[in-house]
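Observations on chain architecture
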Amino acid sequence: MTDPLAFDLAPAAAAALAPAPGQALARKWRPRNFDQLVGQEHVVRALTNALRQNRLHHAYLLTGTRGVGKTTLARVLAKALNCETGITAAPCGVCSACVEIDSGRFVDLLELDAASHTQVDNMRELLENALYAPTSGRFKIYIIDEVHMLSRSAFNAMLKTLEEPPAHVKFILATTDPQKVPVTVLSRCLQFNLKQIPAPQIRERLEHILHQEKVSFEIPALNLIGRAAQGSLRDALSLLDQAIAHGAGQVEEASVRAMLGTVDQSFLFALLDALSRRDGAALLSMANEMQARSISFDTALQELATLLHRVALAQTLPDAIAADDPDRDAIFQLAAVLAPEDIQLYYQIALQGRADLPLAPDEYAGFTMPLLRMLAFAPEGADTTTPPAKRESKPQALPPARAPAASAAAAPATIKVQPAATAPRAIANALPAMSDSTINSQPRQAAAVSVAQKDPAADSSAASSAPMKQIDDWHVLVPALKVGGMARMLAQHSELTRQEGERLFLMVPEAHRHLLEKPYRDKLQAALEERFARRLRLEFTLGQATGNTPAERGDQERQAKQQIAIEAIDRDPFVRELVENFDARVIDESVRPIEKTRSGEASH
């Protein structure tokens, strides 16, 4: 037998739920039950199980970024608790409670925007009303949106009620910034974190809605909207509304690209194709055409990095590229001609170029410079006419070793830089710390620079040709070393404690232990090896300052010279006369010793 109550309410429910003319898609297609929620399966599963087992909590906290369904989930939960069929995970949607909640007319559901009701008086009024029994529903539901905006006094006022509320009251709090909610409130709530919705799920939801709305569309256009929404389904529906209006009732890729200001993928594929062919002219031609079309170069670098990520996925995980992806063939073509290491390098350059864009002289220079950098950073000796994927991947044999020159008989390594046509000097100089070769280190490879190792046999024979002389004047040797920066500081604050042939034992005071970084040690070692034309081994230890480091001895010498200068000033007859007759005083800090140059002239 048909329930007369349900029969009588069905037409009213249908009329109440009928969308208003011209209603926004985000409101028209708002989920009305748990099954319609998109991308929050972990929260839906927990709540439905709790409702089925009647394991209810008095306070829920829903967190997540904008547009992921916090308020919608709160309303569905309110319907599940107050549905006339009983507490259920599947509210009927046609009873008076469900209809009134959907239409926003349910007297026992109070939605409060904490951003506009921050004061303690608002909270006290709400809590006083919570003491009264519900009018028509099973529970009084209080939905407080953006709860982190409440004042501290308001939070304190609600703590007692939140901890021990009446049996007929349920609190559902929502916030985009849970870090600002006091821990005393967090500890009294059952917390659910709503995640950002993946772009594929957003696209599927948009497809379903457009089919129901009988609006023609193109899949690439929905992909663009899904990515632009950045995990927010509400933002995606707002963009879809805008796209329908922009496309005169249709959702087409070209129209959506123009609306969003995104870059036509054909430009990006052409750029990567030119890079794979090392065609600088084609590269700049595409950049000029993009500038002529007023394409955002910031967006272009962002989209280029996204495309490089998809190409890298195609190389390592081909199944990650959907079979119905309209760019699938083009992506796999690029994956076949671009080397994996090139893709990684291009990706990093695109990210760094986007970060540097505000610092560039203009946007055109800020966009073309990363492209030129991608073109310039090629491994030394690489065939620039053959696509990277078709080049030999086997390591090239080293040329036969030659007898080293007398002046560099024991130099452990040499730096070889590509000609300017392939790797400009400015780029080579920009590479970090590649000009210092270190002892016992493997050859390092980076864009336009390579380290070519000498023949070990020649090195050992040259190093053993003459015994290593004893270093007795470390404080005199350090200023003569060809080293600068932090490596020079390390040398100045080191003390040569002993020497065993080609092993040097250096002690660094504890106060300067920060100088013992490997790059600084390597540079100092390279400078000493260049000085003595042989391989050396440096061993560092930490100890107490003894006053014998070059820096300490230099300080002592300066202090001694300063004291001599002060004493000389005090003995000067003219100064003594001023002091005795005019009560003058010598300011020691103003005295500077006079240094004599090699020619005998005094210098300050």
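The text that follows walks through the structure, step by step, so that each part is easy to find. Since the structure is predicted, the reported quantities are computational estimates derived from the model, not experimental observations.

**Notes on helix 13 (residues 265-276)**
With 12 residues, helix 13 ought to run about 16 Å at 1.5 Å a step, and its terminal C-alpha atoms sit 17 Å apart, in line with that. The buried count for helix 13 comes to 9 of 12 residues, which makes it a mostly enclosed element. Those residues of helix 13 not exposed but buried are Q265, F267, L268, F269, L271, L272, A274, L275 and S276. Turning to helix 13, the residues buried within the fold contact helix 12 (253-260), helix 14 (280-292), helix 15 (297-316), helix 16 (328-337), helix 17 (340-356) and helix 18 (363-376).

**Things to note about the pairing of strand 11 (residues 537-543)**
Two strands pair when backbone bridges link them, and strand 10 (residues 503-509) and strand 11 are joined in this way by 7 bridges, in the parallel orientation. Paired with P509 across the bridge in strand 11 is G543. As a crossover connection, the stretch from strand 10 through helix 23 (residues 518-532) into strand 11 is right-handed.

**Focus on empty space enclosed by the protein**
Scanning the model with the defined rule gives 2 cavities of 30 Å³ or more in all. In this structure, the second largest cavity spans a volume of roughly 40 Å³. What lines the second largest cavity is R227, Q265, E303, T306, L307 and R310. The dominant element in the lining of the second largest cavity, judged by the number of residues it contributes, is helix 15, at 4 residues. Looking at the lining of the second largest cavity, its residues break down into 1 nonpolar, 2 polar and 3 charged.

**A closer look at the side chain of E552**
Examined against the element boundaries, E552 turns out to sit in helix 24 (residues 550-571). Comment: no salt bridge for buried E552; closest opposite-charge side chain is R553, at 8.5 Å. Among all residues touching E552, those that are not within four sequence positions of it are A545, T546 and G547.

**A closer look at the packing of helix 10 (residues 219-228) against helix 11 (residues 233-246)**
Running from N to C, helix 10 and helix 11 point in directions that differ by 140°, and their axes come no closer than 9 Å. By the angle between their axes, helix 10 is oblique relative to helix 11. Handedness of the helix 10/helix 11 crossing: right-handed. Contacts between helix 10 and helix 11 involve L222, I225 and A228 from the first element and A236, L239, L240 and A243 from the second.

**Focus on the environment of L127**
By secondary structure assignment, the location of L127 is in helix 6 (residues 120-130). Take L127: its relative accessible area is 9%, and that puts it in the buried class. A C-alpha to C-alpha distance of 7.2 Å links L127 and T161, two positions 34 residues apart in sequence. In this structure L127 touches A157, M158, T161 and F171, once residues within four positions along its chain are discounted.

**A word on the packing of aromatic side chains**
Inspection of the entire model under this criterion finds 4 aromatic pairs. Considering the side-chain rings of Y60 and F192, the 6.4 Å spacing of their centres and the 20° angle between planes classify their relative orientation as stacked. Of this pair, Y60 sits in strand 1 (residues 59-63) while F192 is found in strand 5 (residues 190-193), placing the two residues 132 residues apart along the sequence. Pair check on accessibility: Y60 and F192 agree, each one buried.

**Considerations on the packing of helix 9 (residues 199-213) against helix 11**
Helix-helix packing is characterised by the crossing angle of the two axes and by the distance between the axes. For the pair helix 9 and helix 11, the least separation of the axes is 11 Å and the interaxial angle reads 45°. In this view, helix 9 runs oblique relative to helix 11, as classed from their interaxial angle. In the crossing of helix 9 with helix 11, the sense of the turn from one axis to the other is right-handed. Residue-level inspection shows I202, R205, L206, I209 and L210 of helix 9 in contact with helix 11, the latter providing L233, A236, L237, L240 and I244. Counted by class, the contact of helix 9 with helix 11 contains 9 nonpolar, no polar and 1 charged residues.

**What to know about the sheet that holds strand 2 (residues 109-113)**
Here we have 5 strands laid out as an open sheet, ordered 2-3-4-1-5, and parallel in their pairing. The sheet is open, and its two edges are formed by strand 2 and strand 5, each paired on a single side. Strand-to-strand twist across the sheet, computed as the mean angle between neighbouring axes with direction ignored, equals 15°. Note that strand 2 and strand 3 (residues 140-145) share 5 bridges and pair parallel. Residue pairing in the sheet places L110 in a bridge with Y142 of strand 3. Helix-sheet contacts for helix 4 (residues 70-82) involve strand 1, strand 2, strand 3 and strand 4 (169-175), and the interaxial angle to strand 3 is about 175°.

**Focus on a negative patch on the surface**
A grouping of E567, D570, D588 and E589 is seen on the molecular surface, where their side chains present a negatively charged patch. The topology assignment puts E567 in helix 24.

**Side note on the pairing of strand 1**
Extensive coverage of strand 1 is indicated by the burial of 5 of its 5 residues. The alternating pattern of strand 1 places A59, L61 and T63 and Y60 and L62 on opposite faces, both of which are buried. Pairing of strand 1 with strand 4, which is carried by 5 bridges, proceeds in the parallel orientation. Bridging from a neighbouring strand, L62 pairs with A174 of strand 4. For strand 1 and strand 5, the ladder comprises 4 bridges, and the chain directions are parallel. Opposite T63, over in strand 5, you have N193 as the bridge partner.

Conventions we followed
- Residues numbered from 1 in each chain as written.
- Predicted model: local features only at pLDDT ≥ 70, side-chain atom pairs only at ≥ 80, totals over all residues.
- Heavy atoms only, no water.
- Helix = DSSP H or I, 4+ residues; strand = E, 2+ residues; numbered from the N terminus.
- Expected span 1.5 Å × (residues − 1).
- Buried < 20%, exposed > 50% of the residue type's maximum accessible area, 1.4 Å probe, protein only.
- Contact = heavy atoms within 4.5 Å.
- Pairing = 2+ DSSP bridges.
- Right-handed = clockwise from strand over helix to strand, strands pointing away.
- 1 Å grid on protein atoms, 1.4 Å probe; cavity = no way out; pocket = protein on both sides within 12 Å on 5 of 7 lines; lining within 4 Å.
- Points joined across faces, edges and corners; volume = space filled by probe spheres on them.
- Nonpolar A, V, L, I, M, F, W, Y, C, P; charged D, E, K, R; others polar.
- Lys, Arg positive; Asp, Glu negative; His and termini not counted.
- Salt bridge = Lys/Arg side-chain N within 4 Å of Asp/Glu carboxyl O.
- Axes fitted to C-alpha atoms, helices over the stretch in contact; angles between N-to-C directions.
- Parallel < 35°, antiparallel > 145°, perpendicular 65-115°, else oblique.
- Left-handed = near helix turned anticlockwise from the far one by under 90°.
- Phe/Tyr/Trp six-rings, centres within 6.5 Å; stacked < 30°, edge-to-face > 60°.
- Patch = residues over 30% accessible without salt bridge, like charges linked within 9 Å, V, L, I, M, F, W, Y side chains within 5 Å.
- Areas by Shrake-Rupley, 256 points an atom, 1.4 Å probe, with all protein chains shown as cover.
- Charge placed at Lys NZ, Arg CZ, Asp CG, Glu CD.

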